[in-house]
Amino acid sequence: MGLKYIIPSQVRELSFHYYSMALSLSNVSAKDWIHKQKENLQPWHEFVNTSKVSKPKSAAGLTKRVTKNLERFQSNYLLVSVGLVIYCIITSPLLLIACAFLIGGCYFIRARQAAGKVILLGRGRELTIAQQYLGVCLISFPMFFLAGAGGAVFWVIGASVFLVILHASLMAVETTDDTDLTMETV
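Quick caveat: nothing in here was measured; it's all calculated off a predicted structure.

Tallying each qualifying case throughout the model produces one salt bridge. For Glu46, the salt bridge is made with Arg72, and the minimal N-O distance between the two is 2.4 Å. Placement of Glu46 in helix H3 (residues 44-47) and of Arg72 in helix H4 (residues 59-72) is noted, with a sequence separation of 26 residues between them. By relative accessible area, which is 25% here, Glu46 ends up partly exposed.

What follows is about the confidence of the model for the protein chain. Confidence in the prediction for the protein chain averages 80 pLDDT; 75% of positions are at 70 or higher. The model gives residues 8-26 a pLDDT under 50, and that stretch makes 19 contacts with residues more than four places away or in other chains.

Here H4 crosses helix H8 (residues 149-170) at 115°, and the two axes come no closer than 7 Å. The pairing of H4 with H8 is recorded here as roughly perpendicular in orientation. Between H4 and H8 lies a crossing whose hand is right-handed. Of H8, the residues touching H4 (which contributes Leu62, Arg65, Val66, Asn69 and Leu70) are Val164, His167, Ala168, Ser169 and Leu170. For the contact of H4 with H8, the per-class residue count stands at six nonpolar, three polar and one charged.

A few words on the side chain of Ser160. With respect to the helices and strands, the residue Ser160 is situated in helix H8. A relative accessible area of 10% places Ser160 in the buried class. In this view, Ser160 contacts Ser81 and Leu84; residues no more than four positions away in its chain are not counted.

Summed over all chains, the structure comprises five aromatic pairs. A ring pair is formed by Trp44 and Phe47, whose centres lie 5.2 Å apart and whose planes are at 85°; its orientation type is edge-to-face. Of the two residues, Trp44 and Phe47 are both situated in helix H3; the distance of three residues between them amounts to about one turn of the helix. For Trp44, a relative accessible area of 39% corresponds to the partly exposed category. Ring geometry for Phe73 and Tyr77: centres 6.2 Å apart, planes at 65°, overall edge-to-face. For the pair Phe73 and Tyr77, a shared accessibility class is recorded, and that class is buried. Cluster of aromatic residues (ring-pair linked, three or more members): Trp44, Phe47, Phe73 and Tyr77.

Rules and cut-offs
Residues numbered from 1 in each chain as written. Predicted model: local features only at pLDDT ≥ 70, side-chain atom pairs only at ≥ 80, totals over all residues. Heavy atoms only, no water. Salt bridge = Lys/Arg side-chain N within 4 Å of Asp/Glu carboxyl O. Helix = DSSP H or I, 4+ residues; strand = E, 2+ residues; numbered from the N terminus. Buried < 20%, exposed > 50% of the residue type's maximum accessible area, 1.4 Å probe, protein only. pLDDT = per-residue confidence, 0-100. Contact = heavy atoms within 4.5 Å. Axes fitted to C-alpha atoms, helices over the stretch in contact; angles between N-to-C directions. Parallel < 35°, antiparallel > 145°, perpendicular 65-115°, else oblique. Left-handed = near helix turned anticlockwise from the far one by under 90°. Nonpolar A, V, L, I, M, F, W, Y, C, P; charged D, E, K, R; others polar. Phe/Tyr/Trp six-rings, centres within 6.5 Å; stacked < 30°, edge-to-face > 60°.

See below:
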């Protein structure tokens, strides 16, 4: 049994499948994805409806409930995670400064792009756009390290997963079909 290698021209042909949804890397743009997420956004009064909070009856019911709620509230969960990221950045002043430096540096490079190339310390060496972006990233990396960005990333991931799983497991789902199997003792 040999290994199958993927050449770069085949990368855009790869498709990732999650349940019945297929996502092709070659034909999805960020605007289309954002538009789809906006369409799938459930009303917030349904998302926080406390009258639907209940304990699942069994492990199978828990699995079904989590799966259905993840499909239904996917966009809401995404916004909750984005909210946690914003909260984490705002509450950490050094992290806020590091993000402002990175965004400001990239904005400055983009604004200067039309004016021409940047000359390094008057020595006559011109820096390409890629080298300028690399310089901003290399300068901002120690700032993110000192700000504790690694801890912030793992806090956001942990808090997001915890809140999503907690909500998805406690929020009751409406059953419209009677295809569920029930076990009866004989």
